[in-house]
Structure formats: structure tokens, C-alpha cells
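Residue strings, one per chain:
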Amino acid sequence: MAIQSAALLSPLFPRFAHSLPSRLEVCTLWSRRRKGLPDYRTRPAKELRLVRSSEDRRQNLDENIGSGEEIKIPVRQELDWDLGWLPALPHVLTASMANFLFGYHIGVMNGPIEVIAKELGFDGSPFLEGLVVSIFIVGAFIGCTSSSSLSEKLGCRRTLQINAVPLIIGALLSAQAHSLDEMLWGRFIVGLGIGVNTALVPIYISEVSPTRYRGSFGSLCQIGTCLGIIAALSLALPSESDPNWWRSLFLIASGPGLLLMLGMQFAAESPRWLCKVGRLADAESVICNLWGETDVENSMKEIMYVTGNIDDSKATWLDLLVEPHRKVAFIGGSLFILQQLSGINGVLYFSSLTFSDVGVTSGSLASLYVGITNFTGALIALYLMDKQGRKKLLVGSYLGMAFSMFIVALAIVSPGEVDLSHTLSVIGSLTYIFSFALGAGPVTGLLIPELSSAQMRSKIMAFSFSIHWICNFLVGLFFLVLVEKFGVAPVYGAFGAVSICSAIFATYFVVETKGRTLEEIEVSLASDVPSKGS
């Protein structure tokens, strides 16, 4: 049940409860009078207004029937359309452009890496080829750790806008690279921007989205990444015949970066951040425009209740060791460790080899099939996120991933027909990726900002994604070593076992956040922590 007013929460924080209404009313009334809006204190409650409006419609309907007039029902009312998501959608889509760039820069090196190595003079060196790819992860780790301080000072909107600069510069530098050093610098600079974006976009989307659509909007992060990968792989197909096409691929990447910079200029700032820095009238305006005028009063009370009780001292990284932040940081870090150790990067790496066994010899085409499967799963997750809840999707996703990994491992070691084994390997790999896209992919990034407190949200996200990038790097570094030592089947079997452990972890540690405001979640987690005096 959502928090309806500060009065319901006053037993927890009596010092703040009596001062909140006066603070809020001064801000709200001043802002409404300035904009010529009516005093919200004189409006009937939302439920009463709905009852009265339905009674009025029924009375008018009876009058029209009695007079024999033609009854005209608006199309929206007749079809019962719910368009409450529409005002926030353009802002969320603009922020999701950052995830599109993330996916694009993941896929852009998949096809033309050998051509690039030959032209820049490092072909025949697996280490240098791996360095060109992995330097991106190093930059992302550094950018991720710096995202917290930037967003706390500038806000997510302005940070995402400024952060488009390294994305554009890095892409242009890579496009005109004539040496290994220039390519490395270009990839590193792009990685810096991607690291900041991956941590801040989920925060921004969770804070500007209406509660009932927050899960679906959060899934757009995964969808944006999938579309970026598909776009990069599709555009990379001509690189097999044109040795200079790879420069165009990097040049194209600067376009979405420019759109992100321009789009965030018109996007709304997070109302939570606006309240935290004292811009209450601006926060009220954002809530009114994105969530609806009927949500302004209660939403402002909830946000002000939480932000008003934030300790005046600046939050530090050591606060991650204090409850309830420690619990959320533990959940966030653990989810990303389990996500990476469940083998998503290894499966993606071997997907081209798996498809070649069944006749798909083009690595880019095989990766494109994988990207389309990933995108399909993400679309279904968008539909289910606010209906089934995060926890169910996460548990079901990991169980599906485990089942798929065991199928692939069994197909590899079984002595049966070779064509059947190859077909099962392809089916198992695609099922694994589809299952990943249903939960393990989108839910992990969405759940962490929902569980985090307003004071520590950016730091917990930076910490969690730092763990993600470290594990991503380590899995990529040791995956082939493990395959050479133990074989593909045992490694895939281990991925399946980790997926089962992930499902068990999600069952016992993950808190369901569907349909609850961020403030309600924060207060409920804080209430579970015993006070120092108890």
C-alpha cells in the first residue's frame, strides 16, 4: 500500500512530521498562485472526485436517454485507454539513448576487429586485439566510480548531457585513428562515458517514472542496449567486403551522442534531486507535468518526508557499511556478480562458433540472430515487469538460464547424432539469451536504484556497477583459459549451477518493489533496521 501522507509516517520521525505540512503548503500554494492554479486544499480528494465525476456522467447519461438525444462517448473513454505513461515517455526514451550507445559500442568491434588490426598494424597479436576491446571496460570502471559525485552536484539530467561529450569525442577519435594508440584512446574515452551512463540512466528513469510504470520504463534500458547491438551488427555487415567501412561505423556512433546531448536539454530533472537541493517549486512542476496534477500533493509530501530526514552531513563511501545501505549494497553487488558468473559473456562469445556448426558461417549474422533474440525477450520483460513483479521475473529468468545451460552441456557430451547435438546447442544458447533478457538483464539494473535510499542511491549504483565491470573483465580474461583446461561442457555446466544459485539468492534476498513508491520502499527498509538505542 502506497504512503498517502506524512501523517502516516509521523510515528517514525515525530520531529519532522509536524514541520512538513507547513513547509510543503508554503511551497505548493506559492507555486500554484504564481501559475494561476487553484488551491489544492479546496479540491476534493482524488477518490471523491472520481465518484462525483462518475455520478455526473451517469446523471447526464440518464438525461440524454430521457430526452432522446444521441449519446456520444469519447473514443478514449470508450476504449478505456490508460495514457498515464505518455507524459514521462519522451524523457525516458531520451535517457535510454545512452543505453543504445552502450549496446552500439559493444557490438561495433564484433565484426571489423580483424580488419582494424590489419590496418593499424597489430594483426596477429591476440593480446593487442583483446586490449582494444578490454580498454573500453577499464574506462567504464573509472567512469562508473566518478558518476556519484557528478550526479550529486549537477543532477542526473545535466550529468548525462555533459557526459555525451566523451561519447562523441571518443567515437570521432576512433573513426580517424591511424595508429594503435589513437584507437586505444578513443575506446578508453568512450568507456568513460559509458561507465557514467550505465550507473545514472537507471537512477534517472526510476526517479522520473510514475510508480505504476516504473518497471516497464526501467526495461527500456535493456531494450536500448539490445537495439544498439542490433544496429551495430547490422551496419557492420558491409565491413566484410569493404575494408574501410569500420571508420564509418565509429563515425555513425557520434550521431546518437549528439542527439543525447540535445535531448537532455529538454528533458525533465529528477523531482527527488530537485527536492534534495531545495528547488521545491521546480520539483512540484515536474511531478505535475509527468505524473499528473492529482499526484502532486501526496508525492511532494512523501519526497519531502524522506529528503527532510536526510542527515545534513555529506554521505560518504563508508556509509555503505551502515544499515540499511549495507544490505542494499550487498544485494546489488551480489546480483551483478551472479549475473556475470552465470556466463552471459561466455555464451555470447561462443555464439558465432555454435551457429557455424549448423551452417551460419558469418559471425556478424550469427551475432545478429542473438541480438534479435535478446531484444524479443526484453520486449516481453517490458510488458511483464509491472504485472508479475521483479522477483518472479528474476527467479524465473535464472531457472530458464540454468535449464538452457544444462541442455547445451548435455548436447556437447552426448554421443548421439552430430547434427542433433548442434541443433540442441543452438536452441539452448538462444533459450539462454532469451531467459537472460526476461529478468537477469533488465531487473538487476532496475532493482538496485529502487531499493537504494535517496541519500545513497548514486553511491550504491556506482558501487554495484563497479562490481559489474570488474566481473565482466575477469570473466572475459579467464573464460577461454577455463575452456581450454576443462572443456566447453563443464564450463557451461558450471554456468548452469551458478544460475541455480542465483535463483535461490533472489528468492531469499530480493525485495519486491512492484507498485511501491521509492519513498515507501526506503521507509520500509529503514524500519527493519533496529535503532541504536534498542
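See the structure shown above.
Residues numbered from 1 in each chain as written. Predicted model: local features only at pLDDT ≥ 70, side-chain atom pairs only at ≥ 80, totals over all residues. Heavy atoms only, no water.

*Asks:* Could you give an account of a nonpolar patch on the surface, naming the residues involved and the relevant values?
*Replies:* A surface patch of nonpolar side chains, about 930 Å² in accessible area, is lined by Val138, Phe141, Ile142, Ile470, Phe473, Leu474, Leu477, Phe478, Val481, Leu482 and Phe486. Secondary-structure elements contributing two or more residues to the nonpolar patch are α7 (126-154) and α21 (457-486). Ranked by residues supplied to the nonpolar patch, first place goes to α21 with eight residues. Relative to the helices and strands, Ile142 resides in helix α7. (Patch = residues over 30% accessible without salt bridge, like charges linked within 9 Å, V, L, I, M, F, W, Y side chains within 5 Å. Areas by Shrake-Rupley, 256 points an atom, 1.4 Å probe, with all protein chains shown as cover. Salt bridge = Lys/Arg side-chain N within 4 Å of Asp/Glu carboxyl O. Helix = DSSP H or I, 4+ residues; strand = E, 2+ residues; numbered from the N terminus.)

*Asks:* Explain empty space enclosed by the protein residue by residue, including any values.
*Replies:* Enumeration over the complete set of coordinates arrives at one cavity of 30 Å³ or more. Computed from the structure, the largest cavity encloses a volume of approximately 160 Å³. Along its surface, the largest cavity is lined by 15 residues, and Ile203, Glu207, Trp273, Lys276 and Ser458 are the ones closest to its centre. At the level of elements, α7, α9 (180-208), α12 (271-276) and α21 are the ones that each hand at least two residues to the lining of the largest cavity. Per-element tally for the lining of the largest cavity: the top contributor is α12, with three residues. A breakdown of the residues in the lining of the largest cavity according to their chemical character gives four nonpolar, five polar and six charged. (1 Å grid on protein atoms, 1.4 Å probe; cavity = no way out; pocket = protein on both sides within 12 Å on 5 of 7 lines; lining within 4 Å. Points joined across faces, edges and corners; volume = space filled by probe spheres on them. Nonpolar A, V, L, I, M, F, W, Y, C, P; charged D, E, K, R; others polar.)

*Asks:* If you had to explain the nonpolar core to someone new, which residues and values would you point to?
*Replies:* Ranked by size, the top nonpolar core spans 95 residues in total, and within it Ile194, Tyr204, Met300, Trp469 and Tyr492 carry the most contacts. The element that contributes the greatest number of residues to this core is α9, accounting for ten residues. Excluding its chain neighbours within four sequence positions, the residues that come into contact with Trp469 are Phe102, Phe136, Ile137, Ala140, Phe141, Cys144, Ile194, Gly195 and Thr198. Core analysis: the second largest hydrophobic core is formed by 23 residues, Ile113, Ile116, Leu120 and Ala236 among them. (Core = buried A, V, L, I, M, F, W, Y, C linked by side-chain atoms within 4.5 Å. Buried < 20%, exposed > 50% of the residue type's maximum accessible area, 1.4 Å probe, protein only. Contact = heavy atoms within 4.5 Å.)

*Asks:* Can you lay out the pattern of salt bridges for me, pointing to particular residues and giving the numbers?
*Replies:* Using the criterion set out here, one finds ten salt bridges in the structure. Close ionic contact of Asp386 with Arg390 constitutes a salt bridge, the shortest N to O distance being 3.0 Å. Taken as a pair, Asp386 and Arg390 share a single burial class, namely buried. Where Arg390 meets Glu450, a salt bridge forms, and the shortest distance between an N and an O atom there is 2.6 Å. Pair noted here: Arg390 is in helix α18 (residues 390-413) and Glu450 is in helix α20 (residues 442-451), with a separation of 60 residues, a long-range link. The burial state of Arg390 is the same as that of Glu450; both residues are buried.

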